[in-house]
Amino acid sequence: MEELIIKAVEDLDEDKVIKLANEALNDGMEPFYLLDLIKEGMNRVGKLYENKQYFIADLIMAGLIFKEVLKLDKMIAQFHNNNAKKIGKLLVGTVKGDLHDIGKDIFRGMMEANSFDVIDLGVDVPVESFVQGVVKYDPDIIGLSGVLNFTIETMKNTVDALRKAGLKDNRLVILGGNHLTKEACEYIGADFFTNDASIGVKYCKQWIKEKCQTRGHEHGVANLS
Ligand code: B12
């Protein structure tokens, strides 16, 4: 089943992907495991694009297929959270010049499902908008998403601007994107990076827990297990 799903994404066969995804979810496959399989299919699409066997229209199609999977009932239910008590606030966006939003949306959905209040600035977000967003919403965590290589510079500019404006202290800056490395994260000056949204969520929950404990208040700590 796993390989069939990955192959259907690679072949950009939307009907087959949706059919197999529904079957897998009904058979009890973990929704986030299904997303990992779709992501693997997207990686193959990316490789075919690099090798000039696929074109930009194929990347667009791959993006559309992923978004359809995210709309499946069982997937939406996974991102749904009835818990009114919020444990922290995230400001997230895809940095300037980059229009890829699927990874950001997955991270956002997982954070919402884990009781975070989320402000999503969208894609192609200029440095100034992140700075203004932090002033306006006072988030605990700032999430920068990007998959294109040059976003390392844009992310660095964003973190530099936050520091310059005195807005970085006591906030976590977390980066997400396939191209990121430990070296890139250090260069950018962020606190953490990942190419796996669920690892990012775990890190944020732990960070918030420690922040709450250090400050000695009970804000949402009970929900953090
Ligand atoms: C679909 C797609 C598109 C779609 C995007 C649709 C959309 N709405 O997002 C469209 C058609 C718009 C597109 C355009 C382009 N694309 Co494109 N695209 C892809 C593709 C196939 C899949 C991307 C994707 O959604 N992956 C699935 C998600 C789930 O993975 P992800 O983004 O990494 O996110 C995960 C983690 O990184 C993390 N995460 C993500 N964000 C965040 C944020 C935080 C805070 C945290 C904690 C975690 C986190 O969580 C996610 C889930 O685990 C990739 C191939 C690939 N290997 O990924 C190429 C790829 C990213 N694209 C590429 C290129 C070159 C382009 C174009 C420049 C092509 C062109 N010539 O025009 C344009 C750029 C447009 C622009 N300015 O942004 C290259 C990038 C190379 C590079 N590293 O610089 C890739 C790698 C293809 C390739 N192998 O060449 N693309």
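Residues numbered from 1 in each chain as written. Predicted model: local features only at pLDDT ≥ 70, side-chain atom pairs only at ≥ 80, totals over all residues.

Asker: I keep staring at the packing of helix α3 (residues 31-50) against helix α4 (residues 56-70) and nothing clicks. Help me out?
Answerer: At a closest axis distance of 10 Å, the pairing of α3 and α4 adopts a crossing angle of 175 degrees. In terms of their interaxial angle, α3 and α4 are classed as roughly antiparallel. Contact with α3, carried on its side by Ile38, Met42, Val45 and Tyr49, involves Asp58, Leu59, Ala62, Phe66 and Val69 of α4 and no other residues of that element. Taken together, the residues that form the contact of α3 with α4 break down as eight nonpolar, no polar and one charged. (Axes fitted to C-alpha atoms, helices over the stretch in contact; angles between N-to-C directions. Helix = DSSP H or I, 4+ residues; strand = E, 2+ residues; numbered from the N terminus. Parallel < 35°, antiparallel > 145°, perpendicular 65-115°, else oblique. Contact = placed C-beta atoms within 7 Å. Nonpolar A, V, L, I, M, F, W, Y, C, P; charged D, E, K, R; others polar.)

Asker: Sorry if this is basic, but what is going on with the site of the ligand here?
Answerer: Lining the immediate environment of the ligand, one finds 40 residues, of which Gly46, Gly63, Gly103, Gly176 and Gly200 sit closest. Secondary-structure elements contributing two or more residues to the shell around the ligand are α3, α4, α6 (102-113), β3 (141-145), β4 (172-176) and α10 (197-215). If one sorts the elements of the shell around the ligand by residue count, α3 sits on top with eight residues. Both of domain 1 (2-79) and domain 2 (88-223) provide at least three residues apiece to the shell around the ligand. (Near = placed C-beta within 6 Å. Domains from an automatic or database assignment.)

Asker: Can you help me understand the environment of Lys202 in this one?
Answerer: Position of Lys202 among the secondary structure elements: in helix α10. Of the residues examined, Lys202 has 14 C-beta atoms within 10 Å and is grouped as partly exposed. Counting along the chain gives 176 residues from Lys202 to Asn26, while the straight-line C-alpha distance between them is 27 Å. (Buried ≥ 20, exposed ≤ 12 C-beta atoms within 10 Å, placed from the backbone.)

Asker: I tried to follow the domain arrangement of the protein chain on my own but got confused; where do I start?
Answerer: When the domains of the protein chain are assigned, the result is domain 1 (2-79) and domain 2 (88-223). Here the C-alpha centroids of domain 1 and domain 2 sit 26 Å apart. Of the residues lining the interface, eight residues belong to domain 1; the matching set on domain 2 comes to seven residues. If you list the elements that add at least two residues to the side of domain 1 that touches domain 2, you get α3, α4 and α5 (73-79). Among the elements that take part in the side of domain 1 that touches domain 2, α4 stands out by supplying four residues, more than any other. For the side of domain 1 that touches domain 2, a count of residues per class yields five nonpolar, two polar and one charged.

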